[in-house]
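Listed below are the residues making up each chain.
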Amino acid sequence: MRTIAIELRKEKRTGIILLMPMAGILGAAYAFTFFLVQKDTLFNLPLPPMDVLLTQAYGMIMVLNMFGIIAAACMIYNMEFKESAMKKMYALPVSVPAMFFCKFLILTIMLLTAICFQNSTLTNIGLAYLPQGTFAFKTLLAFAGYSYITSMPVLSFMIFISSRSPDMWVTLGIGVAGFLSGMALTASKAPWLCIHPFVMMLKPAAAMSAQPDMAAVIFSLIETAFFLFAGLWAAKIKRCA
């Protein structure tokens, strides 16, 4: 609890606490504006109403969330590397792996907050504009959980990269390269691309159905755990060195 309280104070100073919720608010505002302007065209598409509601605006929402994650990851370790603060951290009675885990936990909760904002807006849009009796709250919850889980590999990967890179521009460059390569590779059906965390996050945006892909969910959970434990292990090994 002491470590997470310290991390919360740090993240308030860096502005990360507000960054992800702002991405959520922007995504919600985009979804509302998009459906307000395009609702007649969208609901004439040959798709079930819930698929239209959940998939047609998700592409831009996902981009906002992804760049929010990348920006937050760039900032979250920037303070730790200034003036060799990270090296001094190992000389203090502070658990560096616990610090990594608390940063991961804070960003995980901030991402969840953003997704809650966005899906609250989609709920209101569905209740207001979908044909009567077609709005399914369970489908919306399932898609929200799906989009959250498939976003976690990018979040855990970017925090891991940030914890290893004293230069925040390296982290930013890797994040942008991941986004661009993910955009280029998402259309491919090659199963080995499931190891690419950005491809996983793009999966819901590339689909025309709101039904979760269970293979993507399983791969996302495995990748999230892998990058989380890699970060904890790397922090511990460095301390012992």
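Note that this is a predicted model, so its numbers are computed, not measured.

Asks: Just checking my understanding: could you explain the environment of P97 for this structure?
Replies: Within the secondary structure, P97 is located in helix 7 (residues 96-129). When its relative accessible area of 15% is taken as the criterion, P97 is described as buried. With 135 residues separating them along the chain, P97 and L232 place their C-alpha atoms 4.9 Å apart. If near-sequence neighbours (up to four positions away) are discounted, P97 is found in contact with L232, A235 and K236.

Asks: How do you make sense of the packing of aromatic side chains when you look at a structure like this?
Replies: The geometry of two aromatic rings is summed up by the distance between their centres and the angle between their planes. Scanning all chains against the criterion turns up 9 aromatic pairs. Seen from their ring centres, Y58 and F143 are 5.4 Å apart, and the 85° between their planes marks the pair as edge-to-face. Of this pair, Y58 sits in helix 4 (residues 58-76) while F143 sits in helix 8 (residues 137-164); the two residues are 85 residues apart in sequence, bridging distant segments of the chain. Its relative accessible area of 5% is what places Y58 among the buried residues. Ring pairing ties together the aromatic residues F157, F198, F226 and F227, which thus form one cluster. Positioned over the ring face of Y77 is K103, at 5.0 Å from the centre of the ring.

About the cut-offs
Residues numbered from 1 in each chain as written. Predicted model: local features only at pLDDT ≥ 70, side-chain atom pairs only at ≥ 80, totals over all residues. Heavy atoms only, no water. Helix = DSSP H or I, 4+ residues; strand = E, 2+ residues; numbered from the N terminus. Buried < 20%, exposed > 50% of the residue type's maximum accessible area, 1.4 Å probe, protein only. Contact = heavy atoms within 4.5 Å. Phe/Tyr/Trp six-rings, centres within 6.5 Å; stacked < 30°, edge-to-face > 60°. Lys NZ or Arg CZ within 6 Å of the ring centre and 35° of its normal.

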